[in-house]
2 protein chains.
Amino acid sequence: MSRPTIHDVARIAGVSLSTVDRVLNAREGVRRATQVRVTEVMQQLGYERNVAAANLARRRQYRLLFVLPAGGNSFMRGLEQEIAARAGAWEFTSIAVMTVPPFDDAALAGALLDIDPAQTDGVAVVATDSAAVRAALAALRDKGVAVVTLVSDLPSSRRQHFVGIDNVQAGRTAASLLGRFCRGRTGSIVMVAGSMLVRDHAERRLGFEQVLYQEYPEQHILPPLEGFDDQDIVAARLSELLAQTADVVGIYSLGAGTRGVARAMAQTRTDAPSVVVHELTPHSRQALLDGTFDAVIHQDPLREITAAVGLLQSLIGGEAIDADVARIGIEVYLRDNLP
Amino acid sequence: MSRPTIHDVARIAGVSLSTVDRVLNAREGVRRATQVRVTEVMQQLGYERNVAAANLARRRQYRLLFVLPAGGNSFMRGLEQEIAARAGAWEFTSIAVMTVPPFDDAALAGALLDIDPAQTDGVAVVATDSAAVRAALAALRDKGVAVVTLVSDLPSSRRQHFVGIDNVQAGRTAASLLGRFCRGRTGSIVMVAGSMLVRDHAERRLGFEQVLYQEYPEQHILPPLEGFDDQDIVAARLSELLAQTADVVGIYSLGAGTRGVARAMAQTRTDAPSVVVHELTPHSRQALLDGTFDAVIHQDPLREITAAVGLLQSLIGGEAIDADVARIGIEVYLRDNLP
DNA sequence: GTGAAAGCGCTAACAT
DNA sequence: ATGTTAGCGCTTTCAC
């Protein structure tokens, strides 16, 4: 009646528990014939291994480390808090967090090289794109540490997986929204970026321009404003631009420093431009509620953490990995579907 | 070094394992003083119970049953498939699915009354709103079966929880989108419903009208079309209406039968109305890709299943429940952020 | 090659 | 009111 166990399998196959275990875990030291017999009994019984019991007996320990940029980036701070809040939630898993100066690839590479493989089994890192970081990741891997990139990827490095959204698609989504929101009004579209040197920002811009050029050719895209994810710089530059350019109908903020966008918007005349920004934070939420922003494109930090942890566990345990969990959805929020 | 266990707690507190267990599970038969001492040691050691081991020892079995409407509703069929696919994924849990004729509260009530409490510990049901169903749920509860409603709620019944989206907010979200999409074009807005007798449809309509009346008063909302979640009826009635009404600028389909909307749209002239529908299915996905639909409002079936299973497990086990997991997000999809 | 036996961290009788 | 003991389903020495 209840689920069959290895005891049942062993009894029916006429072998011992150890042999069933060997077959189950594809260990060697089992005659071909026995192997087949045991496998058949398992199939016939519909045996499914009890993972909890297995982990219990194994006494596995996954020691994971998250490496995030420091600084005032609300999204990153939210991510950090979420990790801290959930750190105790995973069985057999301890989680540490480390922050490094943002936009500083030397610092990141140094920090990665300092990781002690005797203390850490797996690392999830928000990558900065540089040769030094690539080399540091490779070194980590050589030491036997599992590595996934988080939020911002580093393709063609030796990271084993990327956990995050498809940023080109995110940019396209922003354009689909903003294009529709601006229908009937023709004019200039402003893009506010952090820095074009950061991979995810570059990808978002690419996707955004793809769709806007092709499907809303009546709109005029201005060259991107660089705000370095700093709200003061963003506010200053955007205010200036809005003062000079009368026909701005839409704004897409594809990095952080979103508070600066809200501040600049506060000074605009009636019939304000439509605004789409990235990442749901207390501030973007507020701006959505008071009508300053029209939509927020978001990635769920908790999902990303969960995916990273699960992936690292599988990687460390040498199990098959489910690539699906790593594909994080691009979420769209308006005032009314806020969580 | 490794996580402290009840052995450590017992040793340090100078009591036996049983006593620690009693404290841990708030069982009676422990002197106040011992209780305090043990608790203190736990805190001091940062003890966290190993849930897997606990479940293993308990040999708990959760036998759950999902009750869904039968019929051609793509969303429900998707839900059913997802349950089947994940049925083996939960430890200590077996999951069965049962379908009943749709929109037939007598059939649903009968099916619920037939559930054998000796075979079933918990039920998740897509509710139809009626006194008979309410009574059936109450009878189930009296038999000791845990009950949650799924997707469509039955408030003021004895169901212990609802797992699903906030449908008023979903309607508001649709209006926010459609209102923005139609800016600059003024005319009629069509609502296609399944039946106003179904609770979630009524709620969506409410939310939709709230926002549209208040924030887009220039648009004219037509009385809702009833399509009974049947694509043929929807196609026929919507085609007819579109032929008669030249100034339709937006369409909101708040129930199933969405394929009928796509079919009716295929016959419209250029400058087609903007369309927002519910539930991501192979068909609505296709319509999004080919530009027939502008946005799809969705609820994630897998999340709902996971939440229902988790909630029922807690309810059956008499544990504290985390109401947060039951709040399913209202997802918005455009062509470019499709999963 | 295969098996017996001792645990993993916790719970559930059954003592005392 | 508290302790002892035998498992839960699986893994892991260590024998044979």
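None of these values were measured; they are calculated from a predicted model.

## What to know about the protein's contact with DNA strand D
Now for step 1: DNA strand D sits among 26 residues. The nearest are A:Asp21, A:Arg27, A:Tyr47, B:Ser16 and B:Ser18.
Now for step 2: Among the atoms of DNA strand D lying within 4 Å of the protein, the sugar-phosphate backbone contributes 64%.
Now for step 3: In this structure, A:Arg27 approaches DNA strand D through a side-chain N or O atom, which is 2.6 Å from a phosphate oxygen.
Now for step 4: Elements supplying a minimum of two residues to the surface near DNA strand D: α2 (17-24) and α4 (51-58) of chain A together with α2 (17-24) and α4 (51-58) of chain B.
Now for step 5: Top contributing element to the surface near DNA strand D by residue count: α4(A), with four residues.
Now for step 6: Tallied by class, the residues present in the surface near DNA strand D amount to 10 nonpolar, nine polar and seven charged.

## Focus: the pattern of salt bridges
Now for step 1: With the rule as written, the count across this model stands at 42 salt bridges over all chains.
Now for step 2: Across the pair B:Glu91 and A:Arg3 runs a salt bridge, and its minimum N-O distance is 4.0 Å. Pair noted here: B:Glu91 is in the loop between α5 (74-86) and β2 (93-100) and A:Arg3 is in the segment before α1 (6-13), and the two residues belong to different chains.
Now for step 3: Note on B:Glu91: relative accessible area 23%, which makes it partly exposed.
Now for step 4: Residue A:Arg3 is classed as partly exposed on the basis of its relative accessible area, which comes to 30%.
Now for step 5: Measuring nitrogen to oxygen at the nearest pair gives 2.9 Å for the salt bridge that ties B:Asp336 to B:Arg335.
Now for step 6: A residue is classified by how much of its surface remains accessible, and B:Arg335, at 23% relative accessible area, is partly exposed.
Now for step 7: Through salt bridges with shared partners, a single network forms among A:Asp129, A:Arg134, A:Arg199 and A:Glu203.

## Notes on the environment of B:Val296
Residues and elements named next belong to chain B.
Now for step 1: Structurally, Val-296 is set in strand β11 (residues 295-298).
Now for step 2: Judged by its relative accessible area of 0%, Val-296 falls in the buried class.
Now for step 3: Here the alpha-carbon distance between Val-296 and Gly-29, two residues 267 residues apart in the chain, equals 56 Å.
Now for step 4: If near-sequence neighbours (up to four positions away) are discounted, Val-296 is found in contact with Val-277, His-278, Glu-279, Leu-280, Ser-284, Leu-288, Glu-331, Val-332 and Tyr-333.

## Quick word on the interface of chain B and chain A
Now for step 1: Contact residues are listed per partner, giving 34 residues for chain B and 33 residues for chain A.
Now for step 2: Of all residues in chain B, the largest losses of buried area upon contact with chain A belong to B:Arg180, B:Arg183 and B:Asp336, amounting jointly to 21% of the total for that side.
Now for step 3: There are 10 salt bridges connecting chain B and chain A.
Now for step 4: In this structure, A:Arg335 engages B:Glu215 in a salt bridge whose closest nitrogen and oxygen atoms are separated by 2.8 Å.
Now for step 5: Inspection of the region where chain B meets chain A yields 19 residue pairs in polar contact (both at pLDDT 80 or more).
Now for step 6: The element that contributes the greatest number of residues to the side of chain B that touches chain A is helix α8 (residues 167-181) of chain B, accounting for seven residues.
Now for step 7: Grouping the constituent residues of the side of chain B that touches chain A by class yields 12 nonpolar, seven polar and 15 charged.

## Here we look at the packing of aromatic side chains
All names here are of chain A.
Now for step 1: Across all of its chains, the model carries three aromatic pairs over all chains by this definition.
Now for step 2: An angle of 25° between the planes, with centres 4.5 Å apart, marks the rings of Phe-208 and Tyr-252 as stacked. Residue Phe-208 is located in helix α9 (residues 199-215), and its partner Tyr-252 is located in strand β9 (residues 248-253); the two are separated by 44 residues in the primary sequence. By the burial criterion, Phe-208 is buried, and Tyr-252 matches it.

## Regarding the relation of the copies chain B and chain A
Now for step 1: Overlaying chain B on chain A yields an RMSD of 0.3 Å, the required transformation being a rotation through 180° with an accompanying axial translation of 0.2 Å. Both chain copies can therefore be described as sitting about a two-fold axis.
Now for step 2: Of the interface residues in chain B, 97% have counterparts in chain A that sit at the interface too, so the contact is made through matching surfaces.

## Quick word on the protein's contact with DNA strand C
Now for step 1: Of all residues adjacent to DNA strand C, which total 26 residues, the nearest are A:Ser18, A:Arg22, B:Asp21, B:Arg27 and B:Tyr47.
Now for step 2: At the protein interface, 67% of the atoms of DNA strand C within 4 Å belong to sugar or phosphate.
Now for step 3: A distance of 3.1 Å separates a base oxygen of DNA strand C from a polar backbone atom of A:Ala57.
Now for step 4: Between DNA strand C and B:Ala53 there is a distance of 3.2 Å, counted from a base nitrogen to a backbone nitrogen or oxygen.
Now for step 5: Every element with two or more residues in the surface near DNA strand C is listed here: α2 and α4 of chain A together with α2 and α4 of chain B.
Now for step 6: At four residues, α4(B) tops the list of elements feeding residues into the surface near DNA strand C.

## Describing helix α12 (residues 282-289) of chain B
Residues and elements named next belong to chain B.
Now for step 1: Turning to α12, its buried residues number three or more, namely Ser-284, Ala-287 and Leu-288. Buried residues in α12, looked at end-on, bunch into an arc of 105°, giving them a common side.
Now for step 2: Elements in contact with the buried residues of α12: α11 (258-265), β10 (274-278), β11 and β12 (331-333).
Now for step 3: The first or second residue beyond α12 is Gly-291, which carries a positive phi of 85°.

## What to know about the sheet that holds strand β1 (residues 62-69) of chain B
Residue and element names in this part refer to chain B.
Now for step 1: Read across the sheet, five strands follow the order β2-β1-β3-β4-β5 without closing on themselves; strand pairing throughout is parallel. Since the sheet does not close on itself, it has two edges, and those belong to β2 and β5 (161-163), each with one partner. The mean inter-strand angle of the sheet, taken between neighbouring strand axes irrespective of direction, is 25°.
Now for step 2: Bridging between β1 and strand β3 (residues 122-125) involves four bridges; their strand directions are parallel. Opposite Val-67, over in β3, you have Val-125 as the bridge partner.

## Remarks on the domain arrangement of chain A
Now for step 1: Domain parsing of chain A yields domain 1 (6-57), domain 2 (61-165 + 301-337) and domain 3 (167-298).
Now for step 2: Here the C-alpha centroids of domain 1 of chain A and domain 3 of chain A sit 58 Å apart.

## A word on the sheet that holds strand β5 (residues 161-163) of chain A
All names here are of chain A.
Now for step 1: Spatial strand order, β2-β1-β3-β4-β5: five strands in an open sheet with parallel pairing. The sheet terminates laterally at β2 (93-100) and β5, the two strands that pair on one side only. Strand-to-strand twist in this sheet, taken as the mean axis angle between neighbours without regard to direction, amounts to 25°.
Now for step 2: Strand contacts of helix α13 (residues 301-317): β1 (62-69), β2, β3 (122-125), β4 (146-150) and β5, with the helix running at about 160° to β4, the strand carrying the most contacts.

About the criteria used
- Residues numbered from 1 in each chain as written.
- Chains lettered and ligands numbered in written order.
- Predicted model: local features only at pLDDT ≥ 70, side-chain atom pairs only at ≥ 80, totals over all residues.
- Heavy atoms only, no water.
- Near = heavy atom within 4 Å.
- Polar contact = N/O pair within 3.5 Å; in protein donor to acceptor, adjacent residues only side chain to side chain.
- Helix = DSSP H or I, 4+ residues; strand = E, 2+ residues; numbered from the N terminus.
- Nonpolar A, V, L, I, M, F, W, Y, C, P; charged D, E, K, R; others polar.
- Salt bridge = Lys/Arg side-chain N within 4 Å of Asp/Glu carboxyl O.
- Buried < 20%, exposed > 50% of the residue type's maximum accessible area, 1.4 Å probe, protein only.
- Contact = heavy atoms within 4.5 Å.
- Buried area = accessible area lost by both parts, 1.4 Å probe.
- Phe/Tyr/Trp six-rings, centres within 6.5 Å; stacked < 30°, edge-to-face > 60°.
- Least-squares fit on C-alpha atoms with pLDDT ≥ 70 in both.
- Arc of directions from axis to C-beta.
- Pairing = 2+ DSSP bridges.
- Axes fitted to C-alpha atoms, helices over the stretch in contact; angles between N-to-C directions.
- Domains from an automatic or database assignment.

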